[in-house]
2 protein chains.
Amino acid sequence: MENDELVQNMLLELRRGVLSIAVLSQLGKEEYGYSLLKALSDLGMEIDQSTLYPLLRRLESQGLLQSNWRIVDEARPRRYYVISPQGRAVLSKLKKEWSAMAATMHKMLS
Amino acid sequence: MENDELVQNMLLELRRGVLSIAVLSQLGKEEYGYSLLKALSDLGMEIDQSTLYPLLRRLESQGLLQSNWRIVDEARPRRYYVISPQGRAVLSKLKKEWSAMAATMHKMLS
């Protein structure tokens, strides 16, 4: 395999775990798919719709998000997502673990 | 699923990507399985043998590590691993991406 392809695959693996935390962390207030995508992108986390939407559905099926359809300002109905109480509890644990992991990686890589 | 189980699964996913970088970063000098396990653990990254050994074999099959059997001090033969030139190139890219990702996550979570 070419190096670039290898790196891309390894980054995909890395991002898979990070994205769940990123998404949960940005849903303290309601967002719909595109507004969330935009918020993540503004923070430097690029994510495709084709990755984000299945992830949102998975997190909802795990009880970590709640969603409902809403019509705002004449736009077509949109599904809005927000973190659930269970999601908050899980996010809080994931944050702690992430911080520990990031600190360890910082030591290793510097 | 219970919260703890969910968190554990999400952490597993997260760790999977991180471990490849961690392992590559610690193989600038030769290590055998157990000595590497110990080095990672000393830095705060716990990893099972049952996770580490398949990962070493995978990284070697990808050309990122080199290994050879060696007999040191009357001990039984051990397979020593060290990063390859290709591994160094890949690690260097992964490090940059990791730093960017960690900085983004820091903004999101604080």
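Quick notes on the rules
- Residues numbered from 1 in each chain as written.
- Chains lettered and ligands numbered in written order.
- Predicted model: local features only at pLDDT ≥ 70, side-chain atom pairs only at ≥ 80, totals over all residues.
- Heavy atoms only, no water.
- Salt bridge = Lys/Arg side-chain N within 4 Å of Asp/Glu carboxyl O.
- Helix = DSSP H or I, 4+ residues; strand = E, 2+ residues; numbered from the N terminus.
- Buried < 20%, exposed > 50% of the residue type's maximum accessible area, 1.4 Å probe, protein only.
- Pairing = 2+ DSSP bridges.
- Contact = heavy atoms within 4.5 Å.
- Axes fitted to C-alpha atoms, helices over the stretch in contact; angles between N-to-C directions.
- Buried area = accessible area lost by both parts, 1.4 Å probe.
- Polar contact = N/O pair within 3.5 Å; in protein donor to acceptor, adjacent residues only side chain to side chain.
- Nonpolar A, V, L, I, M, F, W, Y, C, P; charged D, E, K, R; others polar.
- pLDDT = per-residue confidence, 0-100.
- Least-squares fit on C-alpha atoms with pLDDT ≥ 70 in both.
- Phe/Tyr/Trp six-rings, centres within 6.5 Å; stacked < 30°, edge-to-face > 60°.
- Lys NZ or Arg CZ within 6 Å of the ring centre and 35° of its normal.
- Expected span 1.5 Å × (residues − 1).
- Bend = angle between axes of the 7 residues up to and from the residue.

Caption draft 1: Summary view of the pattern of salt bridges. All names here are of chain A. What the rule picks out here adds up to 10 salt bridges over all chains. With a closest N to O distance of 3.4 Å, D42 and K38 form a salt bridge. Here D42 pairs with K38, and both are found in helix α2 (residues 33-42), just four residues apart, close to one helical turn. According to the relative accessible area criterion, K38 is partly exposed, its value standing at 40%.

Caption draft 2: Fine view of the sheet that holds strand β1 (residues 31-32) of chain A. Residues and elements named next belong to chain A. Across the sheet, three strands lie side by side as β1-β3-β2; this open sheet has antiparallel pairing. Among the strands making up the open sheet, the edge pair consists of β1 and β2 (65-70). Summarising the sheet, β2 and strand β3 (residues 78-83) pair through six bridges and their orientation is antiparallel. Across the sheet, residue Q66 finds its bridge partner in β3, namely V82. Helix α3 (residues 49-61) rests against β2 and β3 of the sheet, and its axis sits at about 115 degrees to β2.

Caption draft 3: Geometry of the interface of chain A and chain B. Listed per partner, the contact involves 42 residues of chain A and 42 residues of chain B. Summing the contributions of chain A and of chain B, the shared interface buries around 4100 Å²; its carbon and sulfur component is 74%. Per-residue buried area on chain A facing chain B is highest for M10, L14 and M108 of chain A; these three make up 17% of the total on that side. The interface formed by chain A and chain B contains four salt bridges. Here E13 of chain A and R58 of chain B are joined by a salt bridge, their closest N and O atoms 3.7 Å apart. Joining chain A to chain B, the criterion identifies four residue pairs in polar contact (both at pLDDT 80 or more). Of all the secondary structure elements, the ones that give two or more residues to the side of chain A that touches chain B are α1 (3-25), α3 and α4 (85-109) of chain A. Top element by residues in the side of chain A that touches chain B is α1 of chain A. It accounts for 17 residues. Residues that form the side of chain A that touches chain B fall into these classes: 24 nonpolar, nine polar and nine charged.

Caption draft 4: A look at the confidence of the model for chain A. Residue and element names in this part refer to chain A. Per-residue confidence for chain A gives a mean pLDDT of 93; residues scoring 70 or more make up 99%. The lowest-confidence element of chain A is α1, averaging 89 in pLDDT; the highest-confidence one is β3, averaging 97. Interface confidence for the predicted complex, expressed as ipTM, amounts to 0.86; the pTM equals 0.86.

Caption draft 5: Expanded view of the relation of the copies chain A and chain B. Overlaying chain A with chain B gives an RMSD of 0.0 Å, the required rotation being 180 degrees about an axis along which the chain moves by 0.0 Å. Each copy turns onto its partner about a two-fold axis. The overlap is high: 100% of the interface residues of chain A also sit at the interface in chain B, so the same surface is used on both sides.

Caption draft 6: A look at the packing of aromatic side chains. A complete count under the given rule lists three aromatic pairs over all chains for this structure. Geometrically, the ring pair formed by W98 of chain A and W98 of chain B is tilted, given 5.4 Å between the ring centres and 35 degrees between the ring planes. Taken as a pair, W98 of chain A in helix α4 and W98 of chain B in helix α4 (residues 85-109) lie in two separate chains rather than in one. For W98 of chain A, a relative accessible area of 3% gives the class buried. Its end group placed over the ring of Y80 of chain A, R70 of chain A keeps NZ or CZ at 5.6 Å from the ring centre. The ring of Y32 of chain B has R78 of chain B sitting right over it, with the charged end atom 4.1 Å from the ring centre.

Caption draft 7: The pairing of strand β3 (residues 78-83) of chain B, seen in detail. In this structure, strand β1 (residues 31-32) of chain B lies alongside β3 of chain B, joined through two bridges in antiparallel fashion. Residue pairing for β3 of chain B: Y32 of chain B is matched across the bridge by Y80 of chain B.

Caption draft 8: Layout of α1 of chain A. For α1 of chain A, which comprises 23 residues, the first-to-last C-alpha distance of 32 Å matches the rise-based estimate of 33 Å (1.5 Å per residue) to within 8%. Along α1 of chain A, the largest kink reaches about 30 degrees and is centred on V18 of chain A.

Caption draft 9: Quick peek at the sheet that holds β1 of chain B. The strand order across the open sheet formed by three strands is β1-β3-β2 (chain B), and the pairing between neighbours is antiparallel. For this open sheet the edge positions go to β1 and β2 (65-70) of chain B, each flanked by a neighbour on one side alone.

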